[in-house]
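# Structural features, examined
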Amino acid sequence: MFSDIGVLELVTLIVLAVLIFGPDKLPKVVQDVSRFIRKVREFSDSAKQDIRSELGPEFKDFEFEDLNPKTFIRKQLENNEDLSDLKELRSTFDLRKEMNEVADAVNGRETTPAAAPAAVNGSAPDPLKKQDKPASPEPPPYDSDAT
C-alpha cells in the first residue's frame, strides 16, 4: 500500500499529523482511520464475493485486477506462446502509408499503390502540409431548386 512512499515522506506525514492533531488526539485519530480502512476493505471484499457468486461457477477464478488493461494484455501475451502473428502484423503495418491514404481520402484524391508520393531530398513528404488542389475542368452543376 505504501510502497511508493519513502522514509522522508513518512517522517513528514508523522510530523504533520502531530502538529495538526496534537499528541493527545493523535492515537484516537489513528484508531478512527484504521477502523475506517478496515470497514472499507471488508465492504470491498464482500462486494467482490457477491459479484463472484452472482456471476456463477464459470467465473470462480475471476480476478478484478484482470480488468486493468495493462494486466489483461500482459496476461494474454504470457498465455500466447506464439507471437509470430503479432510480429507479422507489426511488420506489415506502415503508419506513414496509412496516414497518406487517410489524408488522400479526406482530400478526395484517389491513390494507387504505384503512385506513392516521391521523397524530396531523401525525406518523406509531410502528411500535415496542405496539398494543392487539382484544377477541376468545370464547376459542378448548380440546382436552384435544391437550395
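Turning next to the overall build of the protein chain. Regarding its fold elements, the protein chain presents 4 helices and 0 strands. Ordered by position from N to C terminus, the α and β elements of the protein chain give α-α-α-α. Burial status across the protein chain gives 5% buried among its 147 residues. In the structure as shown, the protein chain presents an accessible area of about 13900 Å², 60% of it carried by carbon and sulfur atoms.

Given a rise of 1.5 Å per residue, 13 residues ought to cover 18 Å, and the 18 Å separating the end C-alpha atoms of helix α4 (residues 95–107) matches this to within 8%. All of the buried residues along α4 are N100, A103 and D104. Seen along its axis, α4 keeps its buried residues to an arc of 100 degrees; they face one direction. Turned more than 90 degrees from where α4 packs its buried face, L95, V102, A105 and V106 sit exposed. Looking one or two residues beyond α4, the residue adopting positive phi is G108, at roughly 85 degrees.

Scanning all chains against the criterion turns up 2 salt bridges. A salt bridge links D32 to K28; its shortest N-O distance comes to 3.3 Å. A residue pair is termed a helical-turn pair when its members lie 3 or 4 positions apart in one helix, as D32 and K28 do in helix α1 (residues 7–55) at 4 residues. Using a relative accessible area of 47% as the deciding quantity, one classes K28 as partly exposed. The partner of D32 in a salt bridge is R35, and the shortest N-O contact between them spans 3.2 Å. Linking D32 with R35, this pair stays in helix α1, spanning 3 residues, or about one helical turn. Classification of D32 by relative accessible area gives partly exposed; the value is 33%.

Right, let's talk about α1 for a bit. Counted at 1.5 Å a residue, the expected span for α1 with its 49 residues is 72 Å, but the 43 Å between its end C-alpha atoms falls short. Largest kink in α1: about 100 degrees, centred on G22, with the proline P23 one to four residues after it. For α1, the full list of buried residues reads G22, L26 and R52. Two residues or fewer past α1, G56 is found with a positive phi of approximately 105 degrees.

With that out of the way, let us pick up the confidence of the model for the protein chain. Predicted coordinates in regions of low pLDDT should not be interpreted in detail. Of the residues in the protein chain, 73% have a pLDDT of 70 or more, and the chain-wide mean is 78. No element of the protein chain has a lower mean pLDDT than helix α3 (residues 84–92), at 70, and none a higher one than α1, at 90.

Among the secondary structure elements, R52 is positioned in helix α1. Residues within four places of R52 in sequence aside, it is in contact with K60, F62, E63 and F64.

With that settled, consider the environment of L26. Within the secondary structure, L26 is located in helix α1. As for L26 and I14, which are separated by 12 residues in sequence, their C-alpha atoms are 9.9 Å apart. Not counting chain neighbours up to four residues away, the residues in contact with L26 comprise A17, V18 and F21.

Analysis parameters
Residues numbered from 1 in each chain as written. Predicted model: local features only at pLDDT ≥ 70, side-chain atom pairs only at ≥ 80, totals over all residues. Heavy atoms only, no water. Helix = DSSP H or I, 4+ residues; strand = E, 2+ residues; numbered from the N terminus. Buried < 20%, exposed > 50% of the residue type's maximum accessible area, 1.4 Å probe, protein only. Areas by Shrake-Rupley, 256 points an atom, 1.4 Å probe, with all protein chains shown as cover. Expected span 1.5 Å × (residues − 1). Arc of directions from axis to C-beta. Salt bridge = Lys/Arg side-chain N within 4 Å of Asp/Glu carboxyl O. Bend = angle between axes of the 7 residues up to and from the residue. pLDDT = per-residue confidence, 0-100. Contact = heavy atoms within 4.5 Å.

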